[in-house]
Amino acid sequence: MLVFATSDKGGTGRSVTCANMAYRRALLGDDVAYVDFDFGSPTATAVFELDGAPRSSGAGLHAYLRGRTGEPQQFDVWAHSRRKELRLRPATCGRLELFPGDPGGGEFPTDPAMTDRCAELFLRLEEEFDVTFVDLSAGRSYAIELALRSTARPELRETTVRWLVFHRWTRQHIVATAGLVHGDRGILAAGAAMGHDSADLAERVRYVRAAVPKPATLTGGEPRPAQAEWLVACDRELSDLAASHRLGRTALLGSVPLDPVLQWREQLLTDADALVSRIANRETVDALADLAHALTDAARWEVL
Ligand SMILES: Nc1ncnc2c1ncn2[C@@H]1O[C@H](COP(=O)(O)OP(=O)(O)O)[C@@H](O)[C@H]1O
Ligand SMILES: [Mg+2]
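Residues numbered from 1 in each chain as written. Chains lettered and ligands numbered in written order. Predicted model: local features only at pLDDT ≥ 70, side-chain atom pairs only at ≥ 80, totals over all residues. Heavy atoms only, no water.

(A) Focus on the packing of aromatic side chains. Applying the stated criterion to the full structure yields eight aromatic pairs. Pairing F4 with W163 gives two aromatic rings, centres 4.9 Å apart and planes at 35°, and the pair type is tilted. In this pair, F4 sits in strand β1 (residues 2-7) while W163 sits in strand β6 (residues 161-167), placing the two residues 159 residues apart along the sequence. The burial state of F4 is the same as that of W163; both residues are buried. With a centroid separation of 6.1 Å and an interplanar angle of 55°, the aromatic rings of Y23 and W78 are classed as tilted. Separated by 55 residues along the polypeptide, Y23 in helix α1 (residues 14-27) and W78 in helix α4 (residues 77-80) bring together distant segments of the chain. Connected via pairs of aromatic rings, a cluster forms that spans F4, F37, F39, F108, F122 and W163. A cation over an aromatic ring shows up here: R162 above the ring of W301, its NZ or CZ 4.1 Å from the ring centre. (Phe/Tyr/Trp six-rings, centres within 6.5 Å; stacked < 30°, edge-to-face > 60°. Helix = DSSP H or I, 4+ residues; strand = E, 2+ residues; numbered from the N terminus. Buried < 20%, exposed > 50% of the residue type's maximum accessible area, 1.4 Å probe, protein only. Lys NZ or Arg CZ within 6 Å of the ring centre and 35° of its normal.)

(B) Geometry of helix α7 (residues 142-151). Judged by how many residues are buried, α7 sits mostly within the fold: seven of 10 residues are covered. The complete set of buried residues in α7 reads A143, I144, L146, A147, L148, S150 and T151.

(C) Region of the structure containing the sheet that holds β1. As summarised here, the arrangement of the eight strands in space is β3-β4-β2-β5-β1-β6-β7-β8, forming an open sheet in which the pairing is mixed. Looking at the sheet topology across the chains shown, the edges are occupied by β3 (75-76) and β8 (252-257). Of the pairings in the sheet, the one linking β6 to strand β7 (residues 205-212) comprises five bridges and is parallel in character. Each bridged residue has a counterpart across the sheet, and for F166 the counterpart in β7 is V208. Lying on the sheet, α1 is in contact with β1, β2 (32-37), β4 (96-99), β5 (131-136), β6, β7 and β8; it crosses β5 at an angle near 170°. Where helix α6 (residues 112-128) meets the sheet, its contacts fall on β1, β2, β4 and β5, and the angle it forms with β2 comes to roughly 160°. (Pairing = 2+ DSSP bridges. Contact = heavy atoms within 4.5 Å. Axes fitted to C-alpha atoms, helices over the stretch in contact; angles between N-to-C directions.)

(D) Region of interest: the site of ligand 1. Taken together, 17 residues lie near ligand 1, and G11, T12, S15, R168 and L262 sit nearest. Here S15 contributes a side-chain N or O atom positioned 2.7 Å from an oxygen atom of ligand 1. Taking 560 Å² as the accessible area of ligand 1 by itself, protein coverage stands at 86%. In this structure the site holding ligand 1 corresponds to the largest pocket. Among the elements of the structure, α1, β8 and α12 (260-264) are those that each provide at least two residues to the shell around ligand 1. Among the residues forming the shell around ligand 1, the class breakdown is six nonpolar, six polar and five charged. (Near = heavy atom within 4 Å. Polar contact = N/O pair within 3.5 Å; in protein donor to acceptor, adjacent residues only side chain to side chain. Areas by Shrake-Rupley, 256 points an atom, 1.4 Å probe, with all protein chains shown as cover. 1 Å grid on protein atoms, 1.4 Å probe; cavity = no way out; pocket = protein on both sides within 12 Å on 5 of 7 lines; lining within 4 Å. Sits in = over half its atoms within 2 Å of the grid points. Nonpolar A, V, L, I, M, F, W, Y, C, P; charged D, E, K, R; others polar.)

Rendered as structure tokens:
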């Protein structure tokens, strides 16, 4: 399965949520790849805390896609993570491998040879891993174009593909996200122009709301009654706005609550973070586990 993660804006929680989903799938026993296609800002090594890995020598995904190396670098997260809990890999876990971008590699326009190399990489990952997460640059990016072009190829037509579109729980994010998917130059229109069936592509799209504040509480103290009332009304208004922009409950894969640990630090949340040290909220870890499970829950991918 290829899981493309995208968002209209940066800072939506796409990378952190996706990295946690990848970790959770590996805990379930899947062999998992995490591929950093956020070309302008490749930061996945930080989220997985791969400081123990050899430094990227300019042979990452940028170099691979531009034909400067035949094989992109990959790192075993279990072996190289700075976090001790991760290095104590449970025996039942699957592989968890990170394919980093090259630091400072930047965005670059695509060309047909690059699409060939990208399709070849996705095919190889499909053979080797149960789930491959591809973290794409935000907005209408070259990374999205590359993902759409390569999955339109006949050799990738049979692959199970999911598109996860991340957004924050605000008016601007909801409207912009609807535009990214359904707009004139959005994913569905761009996909159709590259040979995808847009109805079929639309069925593969689900939304993830990240860092959603609970209306009942404000971080740093209980809300005053007037604040609580306003937050509940605001939440209701956002739900209506999301529904009217086709981002409502039926198209939602899941929501991740605003969490104090993730607010302060981009990292994987382990069960111990919620249950032993209790620095993270249990609801957050449950939401991440549920999202990971939802990828293969047929009921969540029924035709809308
Ligand atoms: N559930 C959450 N609660 C609180 N903060 C979050 C949550 N998810 C993500 N964040 C924080 O939001 C910021 C942006 O997240 P990131 O994953 O880097 O977004 P993107 O990849 O969309 O740019 C990071 O500082 C991250 O730790
Ligand atoms: Mg990111």
